[in-house]
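# Structural description and commentary
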Amino acid sequence: MRWSESYIPTLKESPADAEVISHKLLVRAGMVRKLTSGIYVYLPLGLRALEKVSRIVREEMNAAGFQELLMPMVQPADLWKETGRWEFYGKELLRFRDRNEREYCLGPTHEEVITDLVRGEVKSYRQLPVRLYQIQTKFRDEIRPRFGLMRGREFVMKDAYSFDVDDAGADKSYQRMFEAYQRIFSRMGLRFRAVEADSGSIGGNFSHEFMVLADTGEDTVAACSACAYAANTERAEAVWKGTANTVSCASYVLMPTPGAHTVEEVATLLQVPATSVVKTMLYDVDGEAVAVLVRGDRAVNEIKLKNLMNATEVTLATPAQVEEWTEAPLGFAGPVGLNKVKRIYADLELQAGTDYVTGANAGDAHFIHVDLNRDAQISAYADMRLVMEGDVCPRCGAPLILPRGIEVGHVFKLGCKYSAAMKAHYVDEAGAEHPMVMGCYGIGVSRVVAAAIEQNNDANGALFPPAIAPFEAVVLVLDPKNADVMTKATAIYNMLSGMGVDVLLDDRDERPGVKFKDADLIGSPFQLVLGAKGLEKGIVECKDRRTGAKGTLPLEAFEEHLVQWMQQVREGWHI
RNA sequence: CGGGAUGUAGCGCAGCUUGGGAGCGCACUUGAAUGGGGUUCAAGGGGUCGAAGGUUCAAAUCCUUUCAUCCCGACCA
């Protein structure tokens, strides 16, 4: 492709509405343009990156025994009513009516459609497993679209579904997919981690998220510094390392703490460490008042509370609820004498402690010397907190690290949730009917492109891994009006094309500086620079975009040197 | 949905407090010089000042309404 004939509108300045680096660079590099909130046009360069990602996904899906199909974006309401999701999915589901007042939605996901499809065709265990996928545009009317392609409303997703006769079969499908995902993100040249994720009501270890590691990621990963353990922080087990606070006192004592609402204020005022303060958080769990106690320097993990109580809805109590349940102003809740709250859960870490500071359920007052076992009605001690820096791995005890990540993939064992609701049944060898056991597996294709930039960029632009760069190589022709230079550049361009390398020939009548800047911006990993000066010396300059390392390749035995250099650059990407 | 902010040329912005000429930089067009890290000079083109209504002799500027976009909190690939 010649740059002079391409539609690559690069920008010197970032658009005012772009906040994160991937969004800024995608726009500046002429890869995307916003049409409206959360909805983007993929320009030729952006589409190329999308297709590179899609191609790798396709190859690995096919290799894993999944077959591609394409389902409609518009889906009838009836199917969603069958699974109950027409009511439960919420406002993210964009609903509308046709001219006959029939109800439809734009597909945010395709469990209903695929289950409907499969139940119509598959009747026997002999036909299972069925493993299908598609790469398609999804629409989710996100509460708050933001960060460009990272959280759009319309986005490209690969979604795959498996149908098996039993759990063992479903596990096999899951395992295949898990391995395929590992290969996919490795091939893309991204640094990532597969993390255990909360699987909600389904249970078991059958949910993993694939996180591209980047400091700007929205999610936090708890990863072991030594072994393979990694989990979403929502799920990560907090290990109880023992309790320091074990000095015993005869009874608790009321202390005035005027104006001290936060743990920090209380700790400072009473001159005790935050670890000796008990934080009492009140929650509305399916309409019931529940208190959760954690050490003052910890945070409650609401997911753990939700799972512990097998609840559907957990929300932090409103100030009004807190005041009603504690009969005190906000900021002074404590477990002692908290009679209106029937369930009080305490984190494991607090179970052996005997000398705590807690709220007194009265304005401007706290208790000191509280022994929870003696003074409060604790329903149960359980792992209730979020892991933090300094925690250790629940598997091997080595320190945990908490890198940030961007969720680009999710593998999930669905069980019979949809097959049972939609009667996707098969008949086994004995003639008995069973619901199929399902799995679903997503990759945010457009998000991968953003995540790749989020992970790999510098002050001058994107640094695309070779496997997903819109163009792997750019040949910069500094003197396009010089026939000799142009001839040589074209020959090199043809050589690269012949080697199967996606190459862009910058033959524009622009100043060299413009070409250097643009080449850096679009992030092609290989840059070759041809000018009259170099040709006189019999050399072509080369630059590794990732490291910035510049070198020269002699025109003599050029191809050999080129291949060697490109190999070096590629190896740099497989860290 | 709650809290905050912004809408002025394709992009980035000033002007608004204190009403009166629509401006600046980049981009674009033409000419000249220049030609290895976003080149310089000169001359141009391009705007219903988000929209509607109001106040006023006069509104980008003040008032009301409305729409859109972005940021911070509850979702998920």
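Numbering of residues starts from 1 in each chain and follows the order in which that chain's sequence is written. Whichever chain is written first is A, and whichever ligand is written first is 1; the rest continue in order. For a predicted model such as this one, the threshold for reporting local features is a pLDDT of at least 70, and the threshold for listing and counting side-chain atom pairs is 80 or more; totals across whole chains, interfaces and linings nevertheless cover every residue. Side-chain metrics in this entry use all non-hydrogen atoms of the structure; hydrogen atoms and water are not considered.

Throughout, the term near means that a residue has one or more heavy atoms lying within 4 Å of the molecule or strand in question. Residues in contact with RNA strand B amount to 48 residues; listed here are only the nearest, Glu-92, Ile-143, Arg-144, Arg-511 and Glu-541. Backbone atoms, meaning sugar and phosphate, make up 45% of the atoms of RNA strand B lying within 4 Å of the protein. By the criterion applied in these results, polar contacts are pairs of N or O atoms within 3.5 Å in which, for protein atoms, one can donate a hydrogen and the other can accept it, and in which residues neighboring in sequence qualify only through two side-chain atoms. At 3.1 Å, a side-chain N or O of His-410 approaches a phosphate oxygen of RNA strand B. Side-chain polar atom of Asp-520 to a base nitrogen of RNA strand B: 2.6 Å apart, as the coordinates give it. Helix and strand definitions here come from DSSP, where helices need a minimum of 4 consecutive H or I residues and strands a minimum of 2 consecutive E residues; each element is numbered from the N-terminal end. Listed by contribution, the elements that provide at least two residues to the surface near RNA strand B are strand E1 (32-36), strand E8 (154-164), strand E22 (404-415), helix H14 (512-522), helix H15 (532-537) and strand E31 (539-544). Looking at the surface near RNA strand B element by element, the count peaks at seven residues for H14. Considering only residue class, the surface near RNA strand B consists of 14 nonpolar, ten polar and 24 charged. Lys, Arg, Asp and Glu make up the charged group, whereas Ala, Val, Leu, Ile, Met, Phe, Trp, Tyr, Cys and Pro make up the nonpolar group; the residues left over, Gly among them, are polar.

It is worth spelling out the layout of surface pockets at this point. Think of a 1 Å grid over just the protein atoms. A cavity is a set of points where a 1.4 Å probe fits yet cannot get out, a pocket is an open set with protein on both sides within 12 Å along at least five of seven lines, and lining residues have an atom within 4 Å of a point. Grid points are joined across faces, edges and corners, and a volume is the space filled by probe spheres set on the points. Its boundaries defined by the atoms lining it, the second largest pocket holds a volume of some 360 Å³. Lining the second largest pocket are 21 residues, and of these His-261, Lys-279, Thr-280, Met-281 and Gly-331 sit closest to its centre. Among the elements of the structure, helix H7 (263-270), strand E14 (278-285) and strand E18 (356-359) are those that each provide at least two residues to the lining of the second largest pocket. It is E14 that provides the largest number of residues to the lining of the second largest pocket, a total of five residues. Grouping the constituent residues of the lining of the second largest pocket by class yields 13 nonpolar, seven polar and one charged.

Here we come to the packing of aromatic side chains. The criterion for an aromatic pair is that two Phe, Tyr or Trp rings (for Trp, the six-membered ring) have centres within 6.5 Å, with stacked assigned to planes under 30 degrees apart, edge-to-face to planes over 60 apart and tilted to the rest. If you walk through the whole model with that rule in mind, you get twelve aromatic pairs. Ring centres of Phe-178 and Phe-210 lie 5.4 Å apart, and the angle between their planes is 55°; this geometry places the pair in the tilted category. Taken together, the positions of Phe-178 in helix H6 (residues 167-187) and Phe-210 in strand E10 (residues 207-213) put the pair 32 residues apart, joining distant regions of the chain. Pair check on accessibility: Phe-178 and Phe-210 agree, each one buried. Here Tyr-181 and Phe-185 contribute two aromatic rings whose centre-to-centre distance is 6.1 Å and whose plane-to-plane angle is 85°, an arrangement assigned as edge-to-face. In this pair, Tyr-181 and Phe-185 both sit in helix H6, four residues apart, roughly one turn of the helix. Chaining the aromatic ring pairs together yields one cluster made of Phe-178, Tyr-181, Phe-185, Phe-192 and Phe-210. Its end group placed over the ring of Trp-3, Arg-508 keeps NZ or CZ at 4.1 Å from the ring centre. To sort residues, take the accessible area from a 1.4 Å probe on protein chains only and compare it with the maximum for the residue type: under 20% means buried, over 50% means exposed, and anything in between is partly exposed. Two conditions define a charge sitting above a ring: the NZ of Lys or the CZ of Arg must be within 6 Å of the ring centre, and it must be within 35 degrees of the ring normal.

Now for the state of the cysteines. Working definition: a disulfide is two cysteine sulfur atoms within 2.5 Å of each other. Tallying each qualifying case throughout the model produces zero disulfides. Note on Cys-224: no disulfide assigned, nearest cysteine sulfur contributed by Cys-396 at a separation of 3.5 Å. Of all cysteine sulfurs in the structure, the one in Cys-416 sits closest to Cys-440, which takes part in no disulfide; the separation is 13 Å.

With respect to the helices and strands, the residue Glu-111 is situated in helix H5 (residues 111-121). Among the polar contacts listed, one links the side chain of Glu-111 to the side chain of Arg-85, at a separation of 2.9 Å. Throughout, a contact is declared for two residues whenever any of their heavy atoms are within 4.5 Å. Setting aside its immediate chain neighbours within four residues, Glu-111 contacts Arg-85, Tyr-161, Leu-414, Tyr-418 and Cys-440.

This part takes up the sheet that holds strand E20 (residues 380-382). A strand pair is defined by DSSP finding two or more bridges across the two strands. Read across the open sheet, the five strands follow the order E16-E14-E15-E17-E20; overall the sheet is mixed. The sheet terminates laterally at strand E16 (314-316) and E20, the two strands that pair on one side only. Going across the sheet, the axis of each strand differs from the next one's by a mean of 35°, ignoring polarity. Two elements, strand E15 (residues 288-295) and strand E17 (residues 343-347), share four bridges in a ladder whose sense is parallel. By the bridge assignment for E17, Leu-293 is matched with Ala-346. Helix axes are fitted to C-alpha atoms over the stretch in contact, other axes to C-alpha atoms as well, and angles between N-to-C directions run from 0 to 180 degrees. Contacting E14 and E15, helix H9 (residues 319-326) crosses the sheet at an angle of about 110° to E14.

A separate point is unusual backbone geometry. Cis peptide bonds are those with omega within 30 degrees of zero, and the linkage from Leu-128 to Pro-129 qualifies with 0°. Its place among the elements puts Pro-129 in the loop between H5 and strand E7 (130-139). One non-glycine residue with positive phi stands out, namely Phe-147, at about 60°. Residue placement: Phe-147 occurs in the loop between E7 and E8. In this structure Phe-147 comes out as partly exposed when scored by relative accessible area, which is 22%. Located in the positive-phi region is Asp-286, a residue other than glycine, with phi close to 50°. Structurally, the position occupied by Asp-286 is in the loop between E14 and E15.

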